[in-house]
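Breakdown of the fold
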Amino acid sequence: MTAAIEIAGLHQFVRVGFLNRRVDVLFGVDLTVPAGSVFGLVGHNGAGKSTTIKTLIGALTPSEGTVRLFGEDPKKAATRRRLGYLPEVLQLPRTLTPREVLAMHGGLCGFDRDHIRKRSAALLDRVGLTARADSLVRTFSKGMAQRLALAVALYGAPDLLILDEPMSGLDPMGRALVRQIILEERAQGRAVFLSSHVLPDVQALCDRVAVMHKGRVVMTGTLDELFAGREHVYEIEVRKDDALDVESLGAYGHVDERPDLAVVTVRAGLDPMAAAIAIRERGGHVTEVRRGAAELEQLLVDLVDELEGPS
């Protein structure tokens, strides 16, 4: 099967100033994203993530190297029809309603009126905006606008979704909704390429992750491959109820209390599954055992420290 994204030897540079000085932005980027997978691109500000995405969607032409979507040039109309894109900076028409925004998009895509009506209604329901379908976009919060922009990206049932900071401005319920949509798209055999600073979501969603630093891909692989040789941090999520003595959870590690949950960061050297079993025996309702949300963040910090060297 042809990969959804193939980037080989990608260099990107710009000319600046009176002397037309060359400034390099990307240095020999190589990436492959299989169809039916979720691929995460992470790195600090200025690492080159947005430039890579602009090249993927055809907004920039590679200075050197090749970029292919399903084996084709991303600038070709037939290729672009297979692509859905959510930009980091939204540009939605503020004087229209969500229903009108989607109808306009459907018209630009060449769909007939009946298809536009049905598709728009289905997408508004999917992103949780049916109740606000006829409200002006200018009255929307950042999170609501983000969900509408995702509906626009999904409109043509694309084979590849490219999402630049898809969790920006979302509350916990909005994040959960977008995570669910991403997983549904993968289950239908579509590819999702996302850039995000919300690293717990990257950990939860992505089959593979690439780390960028100063215009280069410095690490890529599955999470298991990225964390190879590192001691894992685990969390146990426990539902709070009358049968649970929250203070007793401190025997297993640091406890973070939330309204309905207690999250235990398991103490180093302690088997997380053994701790979860012990918590259940004490009457705790364990809802999840997972890798610590901060693990990928710490990996990035350590990696940058290694690359930068002593200050």
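The sections below set out a description of the structure shown in this document. Keep in mind the model is a prediction, meaning the values are calculated, not measured.

Parameters at a glance
Residues numbered from 1 in each chain as written. Predicted model: local features only at pLDDT ≥ 70, side-chain atom pairs only at ≥ 80, totals over all residues. Heavy atoms only, no water. Pairing = 2+ DSSP bridges. Helix = DSSP H or I, 4+ residues; strand = E, 2+ residues; numbered from the N terminus. 1 Å grid on protein atoms, 1.4 Å probe; cavity = no way out; pocket = protein on both sides within 12 Å on 5 of 7 lines; lining within 4 Å. Points joined across faces, edges and corners; volume = space filled by probe spheres on them. Nonpolar A, V, L, I, M, F, W, Y, C, P; charged D, E, K, R; others polar. Core = buried A, V, L, I, M, F, W, Y, C linked by side-chain atoms within 4.5 Å. Buried < 20%, exposed > 50% of the residue type's maximum accessible area, 1.4 Å probe, protein only. Contact = heavy atoms within 4.5 Å. Phe/Tyr/Trp six-rings, centres within 6.5 Å; stacked < 30°, edge-to-face > 60°.

Things to note about the pairing of strand 2 (residues 21-33)
Where strand 1 (residues 5-16) and strand 2 come together, nine bridges link them in antiparallel fashion. Looking across to strand 2, one finds that Leu 10 is bridged to Val 29. Linking two consecutive strands that pair antiparallel, namely strand 1 and strand 2, is a turn of four residues; a positive phi of about 80 degrees is found at Gly 17 within it.

A closer look at empty space enclosed by the protein
One pass over the structure, following the stated rule, counts one cavity of 30 Å³ or more. In this structure, the largest cavity encloses a volume near 30 Å³. Within the residue set of the lining of the largest cavity, elements represented by two or more residues are strand 8 (208-213) and helix 10 (295-308). Across the lining of the largest cavity, the residue classes break down as four nonpolar, three polar and no charged.

Side note on the layout of surface pockets
Here the second largest pocket is characterised by a volume of approximately 410 Å³. Around the second largest pocket, the lining comprises 16 residues; the ones closest to its centre are Arg 80, Arg 81, Leu 83, Gly 84 and His 105. At the level of elements, strand 5 (83-86) and helix 5 (142-154) are the ones that each hand at least two residues to the lining of the second largest pocket. No other element matches strand 5, which puts three residues into the lining of the second largest pocket. For the lining of the second largest pocket, the per-class residue count stands at ten nonpolar, four polar and two charged.

Notes on the nonpolar core
Of all hydrophobic cores here, the largest spans 47 residues; its most connected members are Leu 102, Leu 163, Ile 182 and Leu 194. Examining the composition of this core, we find that nine residues originate from one element, helix 5, more than from any other. With near-sequence residues (within four places) excluded, Leu 163 lies in contact with Leu 86, Leu 150, Ile 182, Val 192, Phe 193, Leu 194 and Ser 195. One finds Ile 7, Ile 57, Ile 162 and Phe 193 within the second-largest nonpolar core, a separate group that totals 24 residues.

Side note on the packing of aromatic side chains
Aromatic rings considered in pairs are described by the distance between their centres and by the relative angle of their planes. Applying the stated criterion across every chain yields a total of two aromatic pairs. Their ring planes at 5 degrees and their centres at 5.7 Å tell us that Phe 39 and Phe 193 sit as a pair that is stacked. One end of the pair, Phe 39, is in strand 3 (residues 38-42); the other, Phe 193, is in strand 7 (residues 191-195), and 154 residues separate them in sequence. Assigned by exposure class, Phe 39 and Phe 193 land together as buried. Between the aromatic rings of Phe 111 and Tyr 155, the centroid separation amounts to 5.9 Å while the plane-to-plane angle is 40 degrees, which identifies the pairing as tilted. Of this pair, Phe 111 sits in the loop between helix 3 (98-108) and helix 4 (113-126) while Tyr 155 sits in the loop between helix 5 and strand 6 (160-164), and the two are 44 residues apart along the sequence. Judged by its relative accessible area of 30%, Phe 111 falls in the partly exposed class. Given the relative accessible area of 1%, Tyr 155 is considered buried.

These results come straight from atomic positions and should not be treated as a statement about function.
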